[in-house]
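Overview (structure and organization)
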Amino acid sequence: MSAAKLNHHAIWTIYLAEMSRMRRTFWQSIATPVITTVLYFIVFGGAIGSRIQHVGGIGYGAFIVPGLIMLTLLTQSVSNASIGIYFPIFTKTIYEILAAPLSALEIVFAYVGAAATKSVVLALIILATATFFTPLHIQHVGWMIAFMLLTAVTFSLFGFIIGIWAQNFEQLAIIPSLVITPLTFLGGAFYSIDMLPQPWRTLNLLNPVVYLVSGFRWSFYGTGEVGVGLSLAFTGMFMAICLTLVWWIFKTGYRLKP
Amino acid sequence: MPPMISVSALRKTYKSGLVALDGIDLEIEKQEIFALLGPNGAGKTSLISIICGTVGIGSGTVRVGGHDITQDYRAARAMIGLVPQEISLDIFATVWNTVAFSRGVFGRRPDPDYIERLLRDLSLWDKRDRRVIELSGGMKRRVMIAKALSHEPEILFLDEPTAGVDVSLRRDMWALVRSLRDKGVTIILTTHYIEEAEEMSDRVGVIANGRILLVEQTAALMRKFGRRKLTLALQHPLAYIPVDLSPWELELEQQGQVLAYAFDANAEDNGIPALLRRMAELGIDFRDLDTSRNSLEDIFVSLVEQTA
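Definitions and limits used
- Residues numbered from 1 in each chain as written.
- Chains lettered and ligands numbered in written order.
- Predicted model: local features only at pLDDT ≥ 70, side-chain atom pairs only at ≥ 80, totals over all residues.
- Heavy atoms only, no water.
- Helix = DSSP H or I, 4+ residues; strand = E, 2+ residues; numbered from the N terminus.
- Buried < 20%, exposed > 50% of the residue type's maximum accessible area, 1.4 Å probe, protein only.
- Contact = heavy atoms within 4.5 Å.
- Buried area = accessible area lost by both parts, 1.4 Å probe.
- Salt bridge = Lys/Arg side-chain N within 4 Å of Asp/Glu carboxyl O.
- Pairing = 2+ DSSP bridges.
- Expected span 1.5 Å × (residues − 1).
- Right-handed = clockwise from strand over helix to strand, strands pointing away.
- 1 Å grid on protein atoms, 1.4 Å probe; cavity = no way out; pocket = protein on both sides within 12 Å on 5 of 7 lines; lining within 4 Å.
- Points joined across faces, edges and corners; volume = space filled by probe spheres on them.
- Nonpolar A, V, L, I, M, F, W, Y, C, P; charged D, E, K, R; others polar.

**A short note on unusual backbone geometry**
In this model, Gln198(A) is joined to Pro199(A) through a cis peptide bond whose omega is 5 degrees. Position of Pro199(A) relative to the elements: it lies in the loop between α7 (169-186) and α8 (200-204). With phi around 55 degrees, Glu152(B) is a residue other than glycine that occupies positive phi space. Take Glu152(B): its relative accessible area is 33%, and that puts it in the partly exposed class. The backbone of Asn209(B) shows a phi angle near 50 degrees, a positive value even though the residue is not glycine. Relative to the helices and strands, Asn209(B) is located in the loop between β9 (203-208) and β10 (211-217).

Listed below in structure tokens is the structure:
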């Protein structure tokens, strides 16, 4: 299929509808992560951080900023995208999308694009909030944005898969709370994984979030626990896995088309 | 002119193992109103869902306006508007937004004038800024129709359009269907009410167990199967049918309290006046009379007997 034949009217329509659905709950969706971030800064940055001082030469308050943003990016991308596609399946309005002259790629573009947009907006809001608490200096702005976008898109794809897989609201909530949040905490959002004793440190290298946080932190401060190339490779690999799963879903019609 | 929809050797088996369609061949002409008539579970919804693209095709081919629904799905689907059986709407969206959304998803440019006309035709104009959640059931169904027509389709599918619909909406719906046909739209509806098929359609396809049993002009089908039954509730029960009444092939029911006479509604002489005169001569009084049409089940029974 050539790009010229893309049904961009339809992509744009779904994208805007998704964004307006998010606007309906805009204040809720902003308030929660902003308040959470402020709490993290008070607790980790202020109370505990004042005793930790420096991690790898960076003030603790500044150190946790990339981790906090990553935490929001990951959880928001997964939950936005999963609800975005689960809702029409749940209300059965998905019939209209399936009957429309749309390719699978266009459906994914629209839903994943909208979810990723929202989580990037939230991430930027948190970044702005963080500047009130700690002085920030971002070394590689271009890379920071690239990591943000890559992570948002990858985990929105992952959320899209979960939204199609989930058969009820419990299943919808279980992956973000049972998988994403723990992996992010363990993945060095609030500490350097170099601080972990063995064998936890080595085990943690299996945690994909380690590579995301490390790469992201590198874009801020120029240092990371693992090389930035490895970080990119890992994110890219996870994205490839998600794309393969999405391709399989549309190929087989899994839970979308009987 | 090639058929608007052509289905050949279509089979569909669901993952559960249920064979929903068992070799369907069907052609629907442009601008006709076609009724797919069959009991629940016959395969009506499966068939139209496959044509519309919401259910995967098993084997066989389906062409819409000459476009293969798998190879050339964009062109095929762009021609179709679908009103599913169940009301499924984003209840938080406004009427206007949800209808405009449908148009956009089908890749059409926004056209506020067209949507205004559509909403006015469906008596939804006053409700355009209301959220779907605030509407009554009948209004929601109108919204479903507006969504299906939002992209100006050439073919409209109505799956059980009058299930749970009140008289005024039913009447409006039929008026709308006829006016759409006059504008050149092809309409396919499913129903399990024979009256509905008779009233609305040009042709009827009877479907059961995933097979098309017959396709016929509606008038011809009614001539063939439109037998009626006269039942007479007698004043005094009869022990047997008098010999004088034997030409009518009557039956006694309910311990001789009811006399039943099956007749051909389309025959020039249905035999009823003569029967009633003869009964009067014999002094057999009745206190009530009723006529009823063959039900869909009767038609299926006779169809199955014919094909067996």
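**Some details on the interface of chain B and chain A**
Chain B puts 32 residues into the contact, and the matching count from chain A is 27 residues. Counting each side, the surface lost to burial between chain B and chain A is near 2,500 Å², with a carbon and sulfur contribution of 58%. Ranking the residues of chain B by area buried against chain A places Arg74(B), Phe101(B) and Val105(B) at the top, with a combined share of 26%. With its nearest N and O atoms 3.1 Å apart, the salt bridge here joins Lys147(B) to Glu96(A).

**So, the sheet that holds strand β1 (residues 5-13) of chain B**
Residue and element names in this part refer to chain B. Overall, antiparallel pairing links the four strands, which are arranged β2-β1-β4-β5 in an open sheet. Each of the sheet's edge strands pairs with one partner strand only, and the pair in question is β2 (19-28) and β5 (67-68). Looking at chain direction, β1 and strand β4 (residues 59-64) are connected through five bridges and run antiparallel. Residue pairing in the sheet places Ser6 in a bridge with Arg63 of β4.

**Focus: helix α10 (residues 228-252) of chain A**
Residue and element names in this part refer to chain A. For α10, with 25 residues, the first-to-last C-alpha span of 36 Å sits near the 36 Å given by 1.5 Å per residue. The complete set of buried residues in α10 reads Ser231, Thr235, Phe238, Cys242, Val246 and Ile249. In this fold, the buried residues of α10 make contact with α5 (104-130), α6 (141-165) and α9 (208-221).

**Remarks on the pairing of strand β7 (residues 155-159) of chain B**
Residues and elements named next belong to chain B. With five of five residues buried, β7 is to be regarded as a mostly interior element. Residues Ile155, Phe157 and Asp159 of β7 are buried on one face, and the alternating residues Leu156 and Leu158, pointing to the opposite face, are buried as well. Relative to β7, strand β6 (residues 80-83) runs parallel, the two being bridged by four bridges. Paired with Gly81 across the strands is Leu156, a residue of β7. What joins β7 to strand β8 (residues 186-191) is helix α6 (residues 167-182), and the crossover it makes is right-handed.

**What to know about the environment of Ala163(B)**
With respect to the secondary-structure elements, Ala163(B) resides in the loop between β7 and α6. Take Ala163(B): its relative accessible area is 30%, and that puts it in the partly exposed class.

**Remarks on empty space enclosed by the protein**
The tally for this structure, following the rule as stated, stands at two cavities of 30 Å³ or more. Space inside the largest cavity adds up to approximately 70 Å³. If you go around the largest cavity, the residues you meet are Tyr95(A), Glu96(A), Ala99(A), Ile80(B), Gly81(B), Leu82(B), Ser102(B), Phe106(B), Met144(B), Lys147(B), Ala148(B) and His151(B). Its residues placed into classes, the lining of the largest cavity shows seven nonpolar, three polar and two charged. A volume near 50 Å³ is recorded for the second largest cavity. Residue lining of the second largest cavity: Thr154(A), Phe155(A), Pro208(A), Leu212(A), Phe234(A), Thr235(A) and Phe238(A), and that is the complete set. Mapped onto the lining of the second largest cavity, the elements with two or more residues apiece are α6, α9 and α10 of chain A. If one sorts the elements of the lining of the second largest cavity by residue count, α10(A) sits on top with three residues. For the lining of the second largest cavity, the class distribution of residues is five nonpolar, two polar and no charged.

**Section: the environment of Ile42(A)**
All names here are of chain A. As for its position among the elements, Ile42 is in helix α2 (residues 26-52). For Ile42, a relative accessible area of 49% corresponds to the partly exposed category. Here the alpha-carbon distance between Ile42 and Trp12, two residues 30 residues apart in the chain, equals 40 Å.

Limitation: the analysis is restricted to geometry and does not speak to function.
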